[in-house]
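For reference, the chains in residue letters:
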Amino acid sequence: MQKVLTRDGSETFINKDFNESYHSFTGAVEEAREKYCIPTKIKERAIKDKHITILDFAFGMGYNSAMAITIAKEANPNCVIKIIGLEKDPKIIQKIQEVNPNISDYQFYKQLTPTNLKIISEDNTVSVKILLGDANQTIKQLVKDSVDVIFYDPFSPKTQPSMWKKELFKEAKRILKPKKGILATYSCARLVRDNMRAAGLTYKDGPKVGRRGPGTIAWE
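The numbering scheme is per chain: residues are counted from 1 as the chain's sequence reads. Reporting in this predicted model follows two pLDDT cut-offs: at least 70 for local features of residues, and 80 or more for side-chain atom pairs to be given and counted; totals over whole chains, interfaces and linings ignore these cut-offs and use all residues. Only hydrogens and water are set aside; all other atoms, that is, all heavy atoms of the structure, feed into the side-chain values.

1. Some points on the sheet that holds strand 10 (residues 202-205)
Neighbouring strands of a sheet are bound in pairs by backbone hydrogen bonds; such pairs are parallel or else antiparallel. Strand order in the open sheet made by the eight strands is 6-7-5-4-8-9-11-10, with mixed pairing throughout. Edge positions in the open sheet fall to strand 6 (118-120) and strand 10, since each of these has one partner strand only. Strand-to-strand, the axes of this sheet are offset by a mean angle of 15°, without reference to chain direction. For strand 6 and strand 7 (residues 126-132), the ladder comprises three bridges, and the chain directions are antiparallel. The residue of strand 7 that forms the bridge with I120 is S127. For two strands to count as paired, DSSP must find a minimum of two bridges between them. Every helix listed is a DSSP run of H or I at least four residues long, and every strand listed is a run of E at least two residues long, numbered separately from the N terminus. Between the N-to-C directions of two axes lies an angle of 0 to 180 degrees, each axis being a line fitted to C-alpha atoms and, for a helix, fitted only over the stretch in contact.

Written out as structure tokens, the structure is:
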């Protein structure tokens, strides 16, 4: 994998199989904060709910969920955070050791390796578990109504259409907590939104960060 520097100084990689980067070139850390954490109200959830379960779909190097931990802990140090990551490629998990984004809690993720996929903080308030394999299958392991937030971040619908199917969005709807669960993704493609609607999700435009179009925010 080729390492590249994004405009905010954070690093990402280009996946040669898909010929796409894992993050926006305009800023990998900025995208994690502005496109995923802010619209899903991580700060507000940490203060009000005091417990957050996040599905980091297409975990990659974990920037999105690491940023969520940092934001939540800054808002409420006692907040309990559970991260579940779905990832197919163990090689990108190994790349965590090669990057140092400006995310306070990213050092915690340095404990993750392809052979160590579950970590817990010393105070037991943060846990991270990665499920390796095809997300079409691993998502079925998750319990109904168990997830507050989904960060939906596969490669593009053009290059990885299997990750944007109606059936996967049905699974997302199944595991999201009723009324309060929310999904955020960078894509606003017609196919994506049509499949969300067919799966029973409602959606609206998300933030426009680092791309020409807005992202998408979806809920039951």
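2. As for the packing of aromatic side chains
Classification of ring pairs rests on two measures: the distance between centres of Phe, Tyr or Trp rings, Trp counted by its six-membered ring, which must be within 6.5 Å, and the angle between planes, read as stacked under 30 degrees, edge-to-face over 60 and tilted in between. Per the counting criterion, the structure on display carries 11 aromatic pairs. Aromatic pair Y106 and Y109: ring centres 5.9 Å apart, planes at 35°, arrangement tilted. Linking Y106 with Y109, this pair stays in helix 5 (residues 106-109), spanning three residues, or about one helical turn. Taken individually, Y106 and Y109 each receive the classification buried, so the pair is uniform in this respect. Ring pairing ties together the aromatic residues F57, Y152, W164, F169 and Y186, which thus form one cluster. Accessible area is worked out with a 1.4 Å probe on protein chains only. A residue is then buried under 20% of its type maximum, exposed over 50%, and partly exposed in between.

That is the geometry; function is a separate question.
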